[in-house]
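# Observations on the three-dimensional arrangement
Okay, here's what each chain looks like letter by letter:
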Amino acid sequence: MTEDINLSTTIDEPGLSAGEVEMLLFALERSRAQFAWKVGGLDAAALHRSHPPSVMTLGGLVKHLALVEDSKVSLCVTGEPLGPPWDARDADDNWAWGWRSAADDSPAELYRLWQGAVERSRATWAAAIADGGLDQPSAYTLPSGQSPNLRRFLVDLHDEYARHVGHADLMREAIDGLVGEDPPQP
């Protein structure tokens, strides 16, 4: 059942007096690590298995969260258009396409897509925080003409993981019985 790509991530606990940015980034990294643990080490059959009555799959979650990472960075932090594979289709279709098309992707392709999106996201958030912090306006403009600050989108990104880690937890337990809150530390 094991795919030979390891998605485990080691995260360091913040200090007892950590500030807001350090705590927000820690929460996001912890959720990413939990997600990676729940979806890692599976073969194609396990990643593509749905859990009725839902049609959701772990592979679909991996691809969806790759899109979420890339979207938050592109649309909200840098203001640049989405890159591959998202740029090959209509932006509104990306959300449904990611869930549908994951069944055509191998575990290695899905894991690489998510890992690449996470790496780009980490680098972009680090640069944005270093260049003005979370209070600066995002690149995203609401119909009212206002732009939420970057903090809003960092919290949104973490919220997306918080929701989907719960899904991944239940699906992984149904696949092979893996349970737990945090991945084992090396």
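The rules behind these values
- Residues numbered from 1 in each chain as written.
- Predicted model: local features only at pLDDT ≥ 70, side-chain atom pairs only at ≥ 80, totals over all residues.
- Heavy atoms only, no water.
- Phe/Tyr/Trp six-rings, centres within 6.5 Å; stacked < 30°, edge-to-face > 60°.
- Helix = DSSP H or I, 4+ residues; strand = E, 2+ residues; numbered from the N terminus.
- Buried < 20%, exposed > 50% of the residue type's maximum accessible area, 1.4 Å probe, protein only.
- Polar contact = N/O pair within 3.5 Å; in protein donor to acceptor, adjacent residues only side chain to side chain.
- Contact = heavy atoms within 4.5 Å.
- Core = buried A, V, L, I, M, F, W, Y, C linked by side-chain atoms within 4.5 Å.
- Axes fitted to C-alpha atoms, helices over the stretch in contact; angles between N-to-C directions.
- Parallel < 35°, antiparallel > 145°, perpendicular 65-115°, else oblique.
- Left-handed = near helix turned anticlockwise from the far one by under 90°.
- Nonpolar A, V, L, I, M, F, W, Y, C, P; charged D, E, K, R; others polar.

## Some thoughts on the packing of aromatic side chains
- Summed over all chains, the structure comprises four aromatic pairs.
- Seen from their ring centres, Trp-86 and Trp-97 are 5.8 Å apart, and the 85° between their planes marks the pair as edge-to-face. Placement of the pair is Trp-86 in the loop between helix H3 (58–78) and helix H4 (91–101) and Trp-97 in helix H4, with a sequence separation of eleven residues. Of the two residues, Trp-86 and Trp-97, neither departs from the other in class, the shared state being buried.

## Considerations on the side chain of Thr-124
- Along the polypeptide, Thr-124 turns up in helix H5 (residues 107–130).
- At 2.9 Å, the side chain of Thr-124 and the backbone oxygen of Arg-120 are in polar contact.
- Residues contacting Thr-124, with those up to four places away along its chain left out, are Val-73, Val-77 and Thr-78.

## Focus: the nonpolar core
- In this structure, Phe-35, Leu-58, Trp-114, Trp-125 and Tyr-161 are the most contacted members of the largest nonpolar core, which totals 40 residues.
- Mapped onto this core, the elements with two or more residues apiece are helix H1 (20–39), helix H2 (44–47), H3, H5 and helix H6 (150–176).
- For this core, the element with the most residues is H3, which contributes ten residues.

## Remarks on the environment of Asp-182
- Mapped onto the elements, Asp-182 comes out in the segment after H6.
- Between the alpha carbons of Asp-182 and Phe-35 there is a distance of 9.3 Å; along the sequence they are 147 residues apart.
- Dropping the residues within four chain positions of it, Asp-182 is found in contact with Arg-30, Gln-34 and Trp-37.
- In terms of polar contacts, Asp-182 uses its side chain to reach the side chain of Arg-30, at 2.7 Å.

## Observations concerning the packing of H3 against H5
- Remark: H3 packs on H5, axes separated minimally by 9 Å, with the N-to-C direction vectors making an angle of 25°. As far as their axial angle goes, H5 and H3 are roughly parallel. Note on packing geometry: the crossing formed by H3 with H5 is left-handed. Two secondary-structure elements touch here, H3 through Gly-59, Val-62, Lys-63, Leu-65, Ala-66, Glu-69, Asp-70, Val-73, Val-77 and Thr-78 and H5 through Leu-110, Tyr-111, Leu-113, Trp-114, Ala-117, Val-118, Arg-120, Ser-121, Thr-124, Trp-125 and Ala-128.
- Class assignment of the residues belonging to the contact of H3 with H5 gives a composition of 13 nonpolar, four polar and four charged.

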